[in-house]
Amino acid sequence: MNNFLKNAVPGVQQLNPYQPGKPVEELERELGISNAVKLASNENPLGPSANAIKAAQSVLGEVNFYPDGAGHKLSLALAEKHDVDQPCITLGNGSNDILELIGRAFLAPCNSAVYSEYSFAVYPLVVQAVGAEARVAKALPADHSKMPYGHDLNALFDKISNTTRVVFIANPNNPTGTWFELDELNGFLSRVADDVLVVLDEAYYEYMPDELKPDTQTLLKRYKNLVITRTFSKIYGLAGLRIGYSISHPDIADILNRVRQPFNTNMLAQAAALAAIDDQAHVTNSAALNTSGLQQYTKAFNELGLSYIPSIANFIAVNVNKDAMPVYDALLREGVIVRPVASYNMPNFLRITVGNQQQNERVLTALKKVL
Ligand SMILES: *Cc1c(COP(=O)(O)O)cnc(C)c1O
């Protein structure tokens, strides 16, 4: 057998694949139990909107046909929702797809991308796969009074060089849950040269308190080099269908459109997402459940004397004050799946998705026991 590894392109030879959260069925099989709880992948504990389920079911009988490659109805609805022109919208097979498209379209071995320490694992994967240079900015320090482990926008700005084509920032960020103040974000965006693409990853936007939500339309008008990414995987509860999108200047969308697969978003996902947009009550309920769940965690962590990173997303990173891997394993034996973040260089932290009240209680009880 040929050694195909040496034939793979250099970026791919070095690549460590993304580690997804452990599936519930896998743990249940291993332990021979049936009531495991997974709070490891930032999924919505309320599930999808009932309207989205119905909409997906209604198109099942038509899946002999290819989907609308352009996703016309969905992109029109998204354009209306964000009050932008339809050509500003690019649909993706999850927003992960959009991140990949940006990498393929704008990054090459001769140039670079900038992102922060402790930021989303997909950024390094995208950059490495195309052989571009990753320029990683230091995050804010662990003892920072307001935003420990958060993005340091000054450090990010300083990492931009004349080879830099793309900057990835996430607000709120995963796995930290940290965020930007609006004037910080504006200050940063106004300093970045207009030929450097800034990807503002807003996968958790809908969970943010209103006063921290950047105004999409204003940002896009002001910064032509901005690509905002959103997803239906998190608050909309459609992670399994894989659908996300970006909002950008139409010239950027036009470039992304050239490299995407002709049918990158499927028929069920398009239908479900379209229906999900209209169910604002489901979004509001999900955000409210999350807010009380975050309070439930922070109260318990305070009582347990555990420090945590302040979060406005649907997860929270807690410091267990020792190697978190054995704690993660002990939690698995209690039927609880959370996410160790050693691969993010945060070996003492566990990232816990906010579930419903009972699920959170279950995690907290197990955590108390194993600590
Ligand atoms: C979950 C997540 C995404 C993407 O998820 P998709 O399911 O591909 O839409 C993107 N960015 C961040 C920061 C995330 O946490």
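All figures in this text were calculated on a predicted structure; none of them were measured in a lab. (Residues numbered from 1 in each chain as written. Predicted model: local features only at pLDDT ≥ 70, side-chain atom pairs only at ≥ 80, totals over all residues. Heavy atoms only, no water.)

Draft legend 1. Inspection of the overall build of the protein chain at higher detail. For the protein chain, the count of helices and strands is 14 helices and 12 strands. In terms of C-alpha radius of gyration, the protein chain reaches 21 Å, essentially the compact-globule figure of 21 Å for 371 residues. With the principal axes as the frame, the protein chain shows a C-alpha extent of 60 × 55 × 50 Å. Relative to its full complement of 371 residues, the protein chain shows a buried share of 52%. Within the protein chain, contacts between residues separated by at least 24 positions form 73% of all contacts whose residues are at least 6 apart in sequence. (Helix = DSSP H or I, 4+ residues; strand = E, 2+ residues; numbered from the N terminus. Rg over C-alpha atoms; globule rule 2.2 N^0.38 Å. Buried < 20%, exposed > 50% of the residue type's maximum accessible area, 1.4 Å probe, protein only. Contact = heavy atoms within 4.5 Å.)

Draft legend 2. Representation of the site of the ligand in the model. Around the ligand, the neighbouring residues are Gly 94, Ser 95, Asn 96, Phe 120, Asn 174, Asp 201, Ala 203, Tyr 204, Thr 231, Ser 233, Lys 234 and Arg 242. At a separation of 2.8 Å, an oxygen atom of the ligand approaches a polar side-chain atom of Asn 174. Between the ligand and Asp 201, the relevant distance is 2.6 Å, taken from a nitrogen atom to a side-chain nitrogen or oxygen of the residue. For the ligand, the accessible surface in isolation is 380 Å², of which the surrounding protein chains cover 93%. Looking at the shell around the ligand residue by residue, the classes come out as 3 nonpolar, 6 polar and 3 charged. (Near = heavy atom within 4 Å. Polar contact = N/O pair within 3.5 Å; in protein donor to acceptor, adjacent residues only side chain to side chain. Areas by Shrake-Rupley, 256 points an atom, 1.4 Å probe, with all protein chains shown as cover. Nonpolar A, V, L, I, M, F, W, Y, C, P; charged D, E, K, R; others polar.)

Draft legend 3. Geometry of helix H14 (residues 357–370). Between its terminal C-alpha atoms H14 stretches 20 Å, which fits the 20 Å expected from 14 residues at 1.5 Å a residue. Of the residues making up H14, those classed as buried are Asn 360, Val 363, Leu 364, Ala 366 and Leu 367. For H14, the buried positions fall inside an angular range of 165° around the axis, keeping them on one side. The outward face of H14, more than 90 degrees from its buried face, is lined by the exposed residues Gln 358 and Lys 369. Turning to H14, the residues buried within the fold contact helix H12 (280–304), helix H13 (324–333), strand E10 (336–337) and strand E12 (349–353). (Expected span 1.5 Å × (residues − 1). Arc of directions from axis to C-beta.)

Draft legend 4. Structural context of the pairing of strand E3 (residues 112–116). With 5 of its 5 residues buried, E3 lies for the most part within the structure. Here E3 shows two buried faces, one formed by Ser 112, Val 114 and Ser 116 and the other by Ala 113 and Tyr 115. Direction of pairing for E3 relative to strand E4 (residues 133–137): parallel, over a ladder of 5 bridges. Residue pairing across strands places Ala 113 opposite Ala 134, the latter belonging to E4. Bridge count between E3 and strand E5 (residues 164–170): 3 bridges; the pairing is parallel. (Pairing = 2+ DSSP bridges.)

Draft legend 5. Up close: the sheet that holds E12. Read across the open sheet, the 3 strands follow the order E9-E12-E11; overall the sheet is antiparallel. Of all the strands in the sheet, just strand E9 (315–319) and strand E11 (339–340) have a single pairing partner and so form its edges. Examined bridge by bridge, E11 and E12 share 2 bridges and lie antiparallel to one another. Opposite Arg 339, over in E12, you have Arg 351 as the bridge partner. The sheet contacts of H12 involve E9 and E12, and relative to E9 the element is tilted by about 10°. Docked against the sheet, H13 engages E11 and E12, running at close to 40° with respect to E12. (Axes fitted to C-alpha atoms, helices over the stretch in contact; angles between N-to-C directions.)

Draft legend 6. Seen up close, the pattern of salt bridges. For the structure shown, the criterion picks out 12 salt bridges. Residue Arg 135 is joined to Glu 133 by a salt bridge in which the shortest nitrogen-to-oxygen separation is 3.5 Å. (Salt bridge = Lys/Arg side-chain N within 4 Å of Asp/Glu carboxyl O.)

Draft legend 7. Spatial organisation of the environment of Leu 200. Inspection of the secondary structure assignment puts Leu 200 in strand E6 (residues 197–201). In this structure, the C-alpha to C-alpha distance between Leu 200 and Ile 228, residues 28 residues apart in sequence, is 4.8 Å. With sequence-adjacent residues up to four places away left out, Leu 200 is seen in contact with Ile 169, Asn 171, Phe 180, Leu 185, Leu 219, Leu 226, Val 227, Ile 228 and Thr 229.

Draft legend 8. Geometry of the packing of aromatic side chains. Enumeration according to the criterion identifies 12 aromatic pairs in this entry. Taking 5.1 Å as the distance between ring centres and 75° as the angle between the ring planes, the aromatic pair formed by Tyr 149 and Phe 349 counts as edge-to-face. Note that Tyr 149 is positioned in the loop between E4 and helix H7 (153–159) and Phe 349 in strand E12, a separation of 200 residues in sequence. Judged by centre distance (4.8 Å) and plane angle (50°), the ring pair of Phe 232 and Tyr 236 falls under tilted. When its relative accessible area of 3% is taken as the criterion, Tyr 236 is described as buried. The rings of Tyr 18, Tyr 115, Phe 120, Tyr 123 and Phe 168 are connected pair by pair, giving a single aromatic cluster. (Phe/Tyr/Trp six-rings, centres within 6.5 Å; stacked < 30°, edge-to-face > 60°.)

Draft legend 9. Looking closely at the packing of helix H5 (residues 95–106) against helix H10 (residues 250–259). Packing of H5 against H10 brings their axes to within 9 Å, and their N-to-C directions diverge by 95°. Judged on the interaxial angle alone, H10 and H5 are roughly perpendicular. Side by side, H5 and H10 meet where Ile 98, Leu 101, Ile 102, Arg 104, Ala 105 and Phe 106 of the first sit next to Ile 252, Ile 255, Leu 256 and Val 259 of the second. (Parallel < 35°, antiparallel > 145°, perpendicular 65-115°, else oblique.)

Draft legend 10. Main features of the domain arrangement of the protein chain. The domain boundaries assigned to the protein chain delineate domain 1 (21–47 + 281–370) and domain 2 (50–277). Measuring from the centre of the C-alpha atoms in domain 1 to the corresponding centre in domain 2 gives 25 Å. The interface is formed by 23 residues belonging to domain 1 together with 25 residues belonging to domain 2. Where domain 1 abuts domain 2, roughly 2000 Å² becomes buried across the two surfaces, and 70% of that area is made up of carbon and sulfur atoms. Along the contact surface separating domain 1 from domain 2 lie 0 salt bridges. Scanning the region where domain 1 abuts domain 2 turns up 6 residue pairs in polar contact (both at pLDDT 80 or more). Looking at the side of domain 1 that touches domain 2, the elements that each hand over two or more residues are H12, E9 and E12. (Domains from an automatic or database assignment. Buried area = accessible area lost by both parts, 1.4 Å probe.)

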